[in-house]
Amino acid sequence: MTNFRAIRGMVDILPEATPLWQSMETVALEVLSSYGYEEIRLPVIESTGLFARSIGEVTDIVEKEMYSFNDRNDESMTLRPEGTAGCVRAVVQHNLATTPRRLWYTGPMFRYERPQKGRQRQFHQLGVEAFGVATPDQDAELIALSRQLWRRLGVDDVLTLEINSIGSASDRAQYRAALVEYLSAHRDALDADSQRRLETNPLRILDSKDPATQALLDAAPALSDHLDAESRDEFEQLLAYLDGLGIPYRVNPRLVRGLDYYNKCVFEWTTEALGAQGTVCGGGRYDGLVEIFGGKATPAAGFAVGLERLILLMQALEITVSSPADLYVIAADEAAYRHTLPRVDDLRRQFPDLHIVQHLGGGSFKSQFKRADKSGAAWALVYGETEIANNQVTLKALRGDAAQRTIGDAELAAFLADFLAETEGA
RNA sequence: GUGGCUGUAGCUCACCAGGUAGAGCACCGGAUUGUGGCUCCGGAGGUAGCGGGUUCGAGACCCGUCAGCCACCCCA
């Protein structure tokens, strides 16, 4: 016998957690729909080159975190590490961005990293992408939508919006040169990782966690001083829109983000409640990406939500959801069981919203009632010899203290209708 | 990829100078003939992550490996 375990970093979402997931997904769908966003479903595998070109050749994701393999035709494939690249690919392939287009998708993403709290090798994201609008009203809408989602999920209070403008590619190129010049003069004062990043990805030094490096950055040139007028103006406008929406934010001049395709406005929603991986949502504008993929130049912006982190956050806030049974059907013996069959079947058709659990496997009344209790059902429907003989059913309250009663089959529907009305009112 | 901590019944953990394992919860059954939750009684369940070494003897010591957790890196 062999004992299999889930592959490292791949996590089973167990039945005790799925009700919370489902309620989160339901709320997300409602919010997205209410803003007019349409769902798109995308493959989990894409050509490796797609990610290398969009995310950036020298990013950690592409350099060391991708699940890549050659298929039988010897072409390099990759399990998607994020969703934007595939979404943009689909938009270009099907020419979806002829008019402004609002899209969302959800599903698993894969990154080969060492697992820790809030980080898995297979995790789930909700991605929201908007194509065709260059003005910051689009960025404002995306941020407003995300905030609406936090409110509806009850996590609004523990999330803060950090926001920045990283300007155009040429702004950043200029700034990068200035930053490298400044930091190179103080090379020895930098932490080891930042020294390495001086060559590979200098902008990422900005959000180093090393205190000495951060101190050094206080006197460093500021990215905001290198932005062109357009980026600056649009950022100001966006902040004004956020004020109008009543969304508090923290302008974080050192927020850069790791993927190459971002420009202008970038933002993150972060929390203190999750340990080191506090980013629940991150996004920004990526005006150049559609063109890179061979589409006609199309402005675009979007964000991604880490769903495991969102769930973790809800759990930390003790937000719980469960869906216990409503009815548990008990039958005395084989004959009684057969008697219940068509009746329970009818109930399910008449009351599709009721959770009706039929006892299986026989056993004494005692053991059946034990199961009924554990199911969380509000009522047990009992079919014994007497009930069957008289076309009746006994109702026993398992949660409240209502007295047990026996009613005719014909009265059951009315009883259940009342029960449903009550539980919906509660 | 780096570092720290951990790995004993389904879960949470204990035992032990190294002499082949226990508790609580959960589970199953019972406590007068068709009735759960409380209580009582009983039962089932572990080749102590895996491999190797030291030893007369290892779950306990050593090495390796795998996995989990947390942090770094990076990101959702």
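Our subject in this report is the structure included herewith. Per chain, residues are indexed from 1 in the order of the written sequence. Here every chain gets a letter starting at A, and every ligand a number starting at 1, in the order they are written. The predicted origin of the model limits local features to residues at a pLDDT of at least 70 and limits the giving and counting of side-chain atom pairs to 80 or more, whereas totals for whole chains, interfaces and linings rest on all residues. Side-chain measures were taken over the full set of non-hydrogen atoms in the model, leaving aside hydrogen atoms and water.

1. Some remarks on the sheet that holds strand β5 (residues 101–110)
Only when DSSP finds a minimum of two bridges between them are two strands counted as paired. Strands are runs of DSSP state E lasting at least two residues, helices are runs of H or I lasting at least four, and both sets are numbered from the N terminus onward. Spatially, the 8 strands line up as an open sheet ordered β1-β5-β6-β11-β10-β9-β7-β8, and their pairing is mixed. Each of the sheet's edge strands pairs with one partner strand only, and the pair in question is β1 (38–39) and β8 (250–251). Strand direction decides the pairing type here: strand β10 (residues 279–285) and strand β11 (residues 300–306), joined by 5 bridges, are antiparallel. Looking at the pairing, G284 lines up with G302 of β11. Contact definition: two residues touch when any of their heavy atoms are within 4.5 Å. Axis geometry follows a simple rule: fit a line to the C-alpha atoms, using only the stretch in contact for helices, then measure angles between N-to-C directions, giving values from 0 to 180 degrees. Running over the sheet, helix α1 (residues 18–34) touches β5 and β6 (122–131) and is turned about 5 degrees from β6.

2. So, the packing of aromatic side chains
Any aromatic ring pair is given by two values, namely how distant the centres are and how the planes are angled relative to each other. Two aromatic rings from Phe, Tyr or Trp, using only the six-membered ring of Trp, form a pair when their centres are within 6.5 Å; if the ring planes differ by under 30 degrees the pair is stacked, by over 60 it is edge-to-face, and anything between is tilted. Within the structure shown, the criterion is met by 9 aromatic pairs. Residues W150 and W269 carry aromatic rings whose centres are separated by 5.9 Å and whose planes lie at 75 degrees to one another, so their mutual orientation is edge-to-face. Taken together, the residues W150 in helix α5 (residues 136–153) and W269 in strand β9 (residues 263–270) connect sequence positions 119 residues apart. Exposure class is identical for W150 and W269. Each is buried. Relative to Y286, the ring of Y261 has its centre 5.6 Å away and its plane inclined at 65 degrees; by these criteria the two rings are edge-to-face. Here the residue Y261 occupies a position in the loop between β8 and β9, and Y286 occupies one in the loop between β10 and α10 (289–292), the gap between them amounting to 25 residues. Per residue, the accessibility class of Y261 equals that of Y286, and both read buried. Ring-pair connections join several aromatic residues into one group, and the members of that group are F131, Y261, Y262 and Y286. Two limits define a charge over a ring: the Lys NZ or Arg CZ must be within 6 Å of the ring centre, and within 35 degrees of the ring normal. Sitting over the ring of F369, K396 keeps its end group 5.6 Å from the ring centre. Burial classes: relative accessible area under 20% of the type maximum marks a residue as buried, over 50% as exposed, and values in between as partly exposed (1.4 Å probe, protein chains only).

3. Section: a nonpolar patch on the surface
A patch consists of residues whose relative accessible area exceeds 30% and which take part in no salt bridge; residues with like charges are grouped when within 9 Å of each other, and nonpolar side chains (Val, Leu, Ile, Met, Phe, Trp, Tyr) when within 5 Å. Areas reported as accessible are Shrake-Rupley estimates using a 1.4 Å probe. Residue values count occlusion only from the protein chains shown. Within this document, salt bridges are pairs made up of a side-chain nitrogen of Lys or Arg and a carboxyl oxygen of Asp or Glu, the two lying within 4 Å of each other. A cluster of nonpolar residues, Y337, L341 and L360, forms a patch on the protein surface that exposes about 270 Å² of accessible area. Tracing the sequence through the fold places Y337 in helix α12 (residues 334–350).

4. Here we look at α12
A rise of 1.5 Å per residue sets the reference length of α12, with its 17 residues, at 24 Å; its end C-alpha atoms lie 25 Å apart and thus fit the reference within 8%. The quantity called bend is, for any residue, the angle between two axes fitted respectively to the seven residues ending at it and the seven beginning at it. A bend of about 30 degrees at L341 is the largest found in α12, and the proline P342 appears one to four places after it. Turning to α12, its buried residues number three or more, namely A336, H339, T340, V344 and L347. The N-capping residue of α12, defined by a side-chain oxygen 3.3 Å from the backbone nitrogen of A335, is D333. The span one expects for a helix is its residue count, reduced by one, times 1.5 Å. What qualifies as a polar contact is a pair of N or O atoms within 3.5 Å, subject to a donor-acceptor requirement within protein and to the restriction that residues adjacent in sequence count only when both atoms come from side chains.

5. Observations concerning the protein's contact with RNA strand B
When at least one non-hydrogen atom of a residue lies within 4 Å of a molecule or strand, that residue is treated as near it. In the vicinity of RNA strand B there are 50 residues, among which R111, R119, R197, R204 and T386 approach most closely. Considering RNA strand B, the proportion of its atoms within 4 Å of the protein that are sugar or phosphate atoms stands at 55%. Between RNA strand B and the protein, one listed contact pairs a phosphate oxygen with a side-chain N or O atom of K209 at 3.0 Å. A distance of 2.4 Å separates a phosphate oxygen of RNA strand B from a polar atom in the side chain of R257. Taken together, the elements giving at least two residues each to the surface near RNA strand B come down to β6, α7 (192–200), β10, β11, α13 (365–375), α14 (385–389) and β15 (392–397). Top contributing element to the surface near RNA strand B by residue count: α13, with 8 residues. When residue character is reported, Ala, Val, Leu, Ile, Met, Phe, Trp, Tyr, Cys and Pro are called nonpolar, Asp, Glu, Lys and Arg charged, and the others, Gly included, polar. Residue composition of the surface near RNA strand B, by class: 11 nonpolar, 15 polar and 24 charged.

6. Some details on the packing of α1 against α5
Between α1 and α5, whose axes approach to 10 Å, the crossing angle comes to 140 degrees. One element, α1, and the other, α5, form an angle in the oblique class. The two elements α1 and α5 meet at a crossing, and its hand is right-handed. Across from M24, V27, A28, E30, V31 and L32 in α1, the residues of α5 making contact are L145, Q148, L149, R152 and L153. The residue makeup of the contact of α1 with α5, split by class, is 8 nonpolar, 1 polar and 2 charged. Should an angle lie under 35 degrees it is considered roughly parallel, over 145 roughly antiparallel, and from 65 to 115 roughly perpendicular; all remaining angles are considered oblique. Less than a right angle of anticlockwise turn of the near helix away from the far helix marks a crossing as left-handed, whereas a clockwise turn marks it as right-handed.

7. Focus on the nonpolar core
Formed by 47 residues in total, the largest nonpolar core has its most connected members in I40, F131, L179 and L183. Of all the secondary structure elements, the ones that give two or more residues to this core are α2 (48–55), α3 (60–64), α4 (84–93), β5, β6, α6 (169–185), α8 (211–218) and α10. With 5 residues, α4 is the single largest residue contributor to this core. Ignoring anything within four residues of it in the chain, the contact list for L183 reads L190, L198, I205, L216 and L217. For our purposes a nonpolar core is just a set of buried Ala, Val, Leu, Ile, Met, Phe, Trp, Tyr and Cys residues, chained together by side-chain atoms within 4.5 Å. Formed by 44 residues, the second largest nonpolar core is a distinct cluster that contains A140, L145, V155 and F303.

8. Section: the environment of G258
On the secondary structure map, G258 appears in the loop between β8 and β9. As a C-alpha pair, G258 and I55 span 203 residues in sequence and 8.3 Å in three-dimensional space. Setting aside residues no more than four positions away along its own chain, G258 makes contact with T59 and R204.

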